[in-house]
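Here is what each chain is made of, one letter per residue.
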Amino acid sequence: MMRLPYFRYHAPRTVAEAADLLSKGDAMIVAGGTDLLPNMKRRQQVPGTLVGLRNIAELRGISNGDPSTKLRVAPSLSRGDGLMIGAGVTLTELVRDVRLRQGYGGQAPVTGPYAGLWQAARQVATPQLRNMGTIGGNLCLDTRCNYYDQNYEWRKAIDFCMKKDGETCWVATSSPKCLAVSSTDTAPALVSLGAGVTLASATGTRHLPLADLYQNDGIHYLTRRPDEILTAVHLPRLDGWRSTYWKLRRRGAFDFPVLGVACALKLDRSGTVEAARIVLGAVASRPLESSNGAAALVGHALTDEAIAHAADAAAQPARPMDNTDYTLHWRKRVTRDFVTYALRELRGDDTRELRRRVARQELLTM
Amino acid sequence: MRIPHAHITLTVNGEPTEVAFAPYKTLLEVLREDLNLCGTKHGCELGECGACAVLLDGQPVLSCLVLGVECEGRRVTTVEGLASEGRLHPLQETFADLGAAQCGYCTPGILVTAKALLDEHPRPTRDQIRDALSGNLCRCTGYQQIFEAVEAAIAVEVPVADGRRSVLDTREHSARGPSEREDASEASGGGAPRALKNAASASGVGVGPHAK
Amino acid sequence: MAATSFKTIGKPRRRVDGRAKVTGQTKFADDLMLPRMVHCKLLRSTLPHARVVRIDASRALAHPGVHLVMTGRDFPIPYGILPVSQDEHALAIDRVRFVGDPVAAVIARDELTAFDALDLIDVEYEPLRTFADPEESLTHSTPRIHDYGDAGNIHKIVSLGFGDVEQAFADADHVFEDTFFYQGSTHLPIEQHAAVAAKDPDGKLVLWSSTQTPHYVHRALAKALAIPAAHVRVIATPNGGGFGGKSDPFNHEVVIAKAAMLLDRPVKICLTREEVFYCHRGRHPVLMHFKTGVKRDGTITGLHVKTLLDGGAYGSYGVASTFYTGALQTVTYHIPTYHFQGCRVFTNKPPCGPKRGHGTPQSRFGQEIQLDKIAETLSLDPAELRLRIVERPDTLTANYLRIGTIGLAECIRRVTHAADWSSTYRKLPPGHGVGIACSSYLSGAGLPIYWNDMPHSGVQLKLDRSGGVTAFCGATEIGQGSDDVLVACVAEILGIDPIDIRAVTGDTDLTPVDLGSYSSRVTLMMGNAAIQAAERARDLLAEAVASKINVPKDRLVFAERRVFDAENPATGVAFSDAVCLAETMFGTIGTTGSYTPPRSAAKFKGGGVGPSPTYSYSAAIVEVTVEPSTGWIDVPRVWIAHDIGRALNPTLVRGQVEGSVYMALGEALMEEQTFRRLPPRLSHALVHKFPSMLEYKSPTTMDMPDVITELVEAPDPRGPFGAKEVGQGPLLPVMPAVANAVYDAIGVRIDEVPITPEKILKALDAKAAGKTPRYGPSRFPDIAWPETLQVPPPWEGGDGTAVNDQRRSVPDTRERHGASASAPGVGPRRYEKVGPRER
């Protein structure tokens, strides 16, 4: 049986207490444990101290957002109060929240503004893991790579890699930076919705657009400092918006995305796209927003031609590497197909049968 | 680094329990090694197979990724806790009867997960069952008999209210299954109709030698 | 007695071990917790091929909590499953051959301490050239991975000829040549291998292990540790899945056995999932070439099969695997001339071995796809083509396999009817398709792994005055239901309920031998032995009861826990009273039964692989959808018909069929055991690409289609109550049926597994570019085959021997000892009375 290493454990009851513990160094946060504990068992991370967040009441719960929050997030999206999701909310709690599912009953057309987030959270891992894993944890998910997510002895057999104990990035040996992949489902969806996050530390709190939490470096993939705690996710009110998320993976459960496509659109009464966001997951070390893809849509109706044009533009910056499931060439090539699926769904096409084949489910609302 | 044993109290299968354990242990290890509840299995210890599922405060979780030290005051249900008052849970009856357990290794994790499903959705559809069990790998069955057993347990659970449960209890002591009345051609056929038949016969009307 | 009058046999029943499994009471190996138990971890090689220069374990030994550190020097005697490949050492002596090869062992107070101490063992290696690909092993004979084998890094190379295939090709209207590749895959039982060893109070060794073959582990331990076999007890704990992956004696078993004897404390080891991938013994990757001659009407004139097996780093069952890639082509369809050439090479990867279907799914894949191509060229419906060429029952094939009953034609009819084949094949809209394929499998290997004339399975019964019966057998419960078969056979004969019988199985001290749960042998062999033992007990009881109630013995019926007069059912005694009467008359009631397979008709070298008492048959139809723009493939439905002979417990039979389809779809669509070699100028690394359950893709509930199962029951007199195997055969037709369905859907051939969207898209690209609409290997390498052993088929007057073998045939020792009284190909006479017809 794989065993965890020894660690000290603290279970603070407040964010302030937790921040204080983190400020002392050699400590890591554990919330759901579904990402960190496997990494610890594989000795990818061996923190001396674990700060458990599960007893912190202020991190749990979903509330109507505070309009006073001075979010400088995508101003075009941020109107009104939206939702505030505590970082400790589990993915199961999230998908069961009626405010997220509003307007989405598993049927096309998808009309609910947060449907994309719901679909993304709904497709993370497995039911048990969604019962454990939190939204904060999924947003901070360690980047993944077939050269890195391995046991200690395996990594020793390749003389380790840049991300842990080694020098070389084996994905591309001349690469100056780590190419591990951002593998979170909820981040692309939330970025497409213009979400923001709050980070707290012993020295204070700060708010930032979720998009700014990430950077394209497999090791330093978060702008979060080690002593900071992600405490909340802020969803702007999105009247008139619709969103969706399409996930590519080998199996209908367990697997991390090898491609995630999150799209959010606002259409006017004539069906012309007023605003759009297309964000790709699992094609870089951070969620990758395609402003060209979005720009190709604005001002157009969602015709097949417009969709094809946008899909080409959106897929263009995807840079899958040979460090996940499926071949990189195929993942690159089908990116435009998946963007097309997403946009067609947002147009109102009945994509249930396609979903059933690709996601192996229609995304039940249970 | 060596750190003294952790010491917690929790409720395991309805019983208040105190346990001391090496502080790095997960709930899986505490259950198996410190509480001698070996019914909970493990296949990867990394959250990749579902064999170690238990109910934590009623919800299925993977015990291999739950820190023992985080279980203070919590309520754990394992496969050993499914039967009550000497009676197997309907899921245990139908899993045993309908071939849902072959090697039996993934079975405890699937049983507790299915129990949580039925606790919340007494009449799940096939798609709901499929979805609820999507985090439990089984290499033996191809899942079909597992789905049928869960569906049969739905049929079993209803008669409990009107007192026909006792039929099940006698059947437990017989190796004769509930589908005895099916003739060979029916039993060897496939598809949904059989599942319904199994479900119907698992509701236990006059089956088994002792019920005759 | 008619089938419908069976009380237990043929009825869907709760399996005898069902209650234990749903209550968590089944004790798997890792569930054993013994007082004073200590824990073992193995240090494994981080280099794929290297000389071990020096091992310094002093720091590990000094680590607090460490009791013992062992290295290769502690295990000088090699072992291995086959007598011809005793090439494994429990811990590497001077050479490591793949990343994961064990080098040292730490035994400590707990598993974490042992794990931590592994890092304190210093090993100095001298790297050697690595072999990642079979063609490298063919072209470079040095350094040799092993110092034995047929040549260089070729482990086994064979060439067998049955009649003149070249003439057959000349006589054919069409000759088809195709090359296929079948990727390796692994068993992935959810239970990781685990074992506990202890020195018993008498100072003897006991090993509990999740093994499918306690008898062979018993022999290996006695040999490798030089302990008298009589002082070694191996207990096979119920396996949490096996599928062939727990059929070898493993190094961890040998290591903890020695450690327990040295420390006089129980020692446990439970492998991590990564280590299970290193044990492997899974499906060989096989490159193969099929050349088939056919007449216009579909009649096959001749077949020439060439296979190249990537064996990995050790022999394992590899010699048998090699022959199996060529053994069973002839038992489905009539093939009058046949030429088989097979070659297994060593590479620096975990050893391949027997996985469900052992060596036969690969070549079945090629054969069934090629038949689909043949049908298309001949403008024949592929189901109709197969019906035309199905082999006849009670036939001796070109390669001297004695076929019993054949339900294949009925399987094809049942499955095409169920799937509405005639209105779907070539009639579905683009992107939707159906495909058909067939197969056959052994009901038990006709020969044991080490040459001997003794029974393959034994059953002993102990009848208690209470009416309780205990059935002892060495068979191993791996989930397939062998305990249930044992109990059901005894219950049926003695007329009692399965709950009245306790099964004691898989314990080399307590139970008579059974060779193990492999080759689909247990139901047939143990079942026949159980019937014999039960009939002997029934005879004793009948004699005593007959005398008591003054009824002729042959009028007595055993049923409903009673022994009574068939003509006057009220006259009789309770079963327990019958036991008492018999005990009074004869003394304590215990009987034995045993089973030895019929003598094989094949007497040529290599003819030991393939013979079986009888063969099962399957036919499958798979439906697929394919997205043309992405190649995305989905399987919504599978229909399968299986010729089971008789279903002893239909619930379990269905489970084996559906489980086979499941594992087959995994292999067909997503599972692969693949490796990564880093740039050689930078690194020696050659590692398993993803030794984890997350990245090795076993289908989930979401990925599993509906399976519609049809059981074809035509009792085979060679099987217990007419039963044949079901554990492996139904896997075989599924992979080629998927490939054939893809062709029906979008007109491209995927000539390898797994059939992935990437490959489909590449084939579609080729089609769009006007090239061959296909994805698959383009060539089969030139191999220096040895002189072909020429064995004239039966219809050319052959006698099963090779005409050009200097050593001629293997001497038939059984005939010499007069141990077999039966004619070739017919069950030993003492079993002819087995089964319902006589009762």
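1. Let's talk about the sheet that holds strand E23 (residues 590-595) of chain C
All names here are of chain C.
Right, on to step 1. Ordered in space as E19-E18-E17-E23, the 4 strands form an open sheet in which the pairing is mixed. A single partner strand is all that each edge strand has here, and the edge strands are strand E19 (501-505) and E23. Sheet twist, expressed as the average angle between the axes of neighbouring strands with direction ignored, equals 20°.
Right, on to step 2. Bridge count between strand E18 (residues 469-473) and E19: 5 bridges; the pairing is parallel. Bridge pairing links Val469 to Ile501 in E19.

2. A short note on the interface of chain B and chain C
Right, on to step 1. Listed as interface residues are 67 residues of chain B and, on the opposing side, 70 residues of chain C.
Right, on to step 2. Around 5500 Å² of area is buried between chain B and chain C when both sides are counted, 52% of it from carbon and sulfur atoms.
Right, on to step 3. Linking chain B with chain C are 33 residue pairs in polar contact (both at pLDDT 80 or more).
Right, on to step 4. When contributions to the side of chain B that touches chain C are tallied by element, the ones reaching two or more residues are helix H1 (27-34), helix H2 (90-97), helix H3 (107-120), helix H4 (126-132), helix H5 (144-161), helix H6 (165-172), helix H7 (184-188) and helix H8 (192-202) of chain B.
Right, on to step 5. With 5 residues, the top contributor of residues to the side of chain B that touches chain C is H2(B).
Right, on to step 6. Along the lines of polarity and charge, the residues of the side of chain B that touches chain C split into 24 nonpolar, 24 polar and 19 charged.

3. Digging into the pairing of strand E5 (residues 102-108) of chain C
Residue and element names in this part refer to chain C.
Right, on to step 1. Most of E5 is tucked away: 7 of the 7 residues are buried.
Right, on to step 2. Examined bridge by bridge, strand E1 (residues 38-44) and E5 share 6 bridges and lie antiparallel to one another. Bridge pairing links Leu42 to Ala105 in E5.
Right, on to step 3. Pairing of strand E3 (residues 66-71) with E5, which is carried by 5 bridges, proceeds in the antiparallel orientation.

4. Quick notes on the environment of Gln25(C)
All names here are of chain C.
Right, on to step 1. With respect to the helices, strands and loops of the structure, Gln25 is situated in the loop between helix H1 (18-22) and E1.
Right, on to step 2. Linking Gln25 and Gln728, residues 703 residues apart in sequence, is a C-alpha distance of 28 Å.
Right, on to step 3. With residues up to four places along the chain from it excluded, the contact list for Gln25 reads Arg19 and Ala20.

The rules behind these values
- Residues numbered from 1 in each chain as written.
- Chains lettered and ligands numbered in written order.
- Predicted model: local features only at pLDDT ≥ 70, side-chain atom pairs only at ≥ 80, totals over all residues.
- Heavy atoms only, no water.
- Pairing = 2+ DSSP bridges.
- Helix = DSSP H or I, 4+ residues; strand = E, 2+ residues; numbered from the N terminus.
- Axes fitted to C-alpha atoms, helices over the stretch in contact; angles between N-to-C directions.
- Contact = heavy atoms within 4.5 Å.
- Buried area = accessible area lost by both parts, 1.4 Å probe.
- Polar contact = N/O pair within 3.5 Å; in protein donor to acceptor, adjacent residues only side chain to side chain.
- Nonpolar A, V, L, I, M, F, W, Y, C, P; charged D, E, K, R; others polar.
- Buried < 20%, exposed > 50% of the residue type's maximum accessible area, 1.4 Å probe, protein only.

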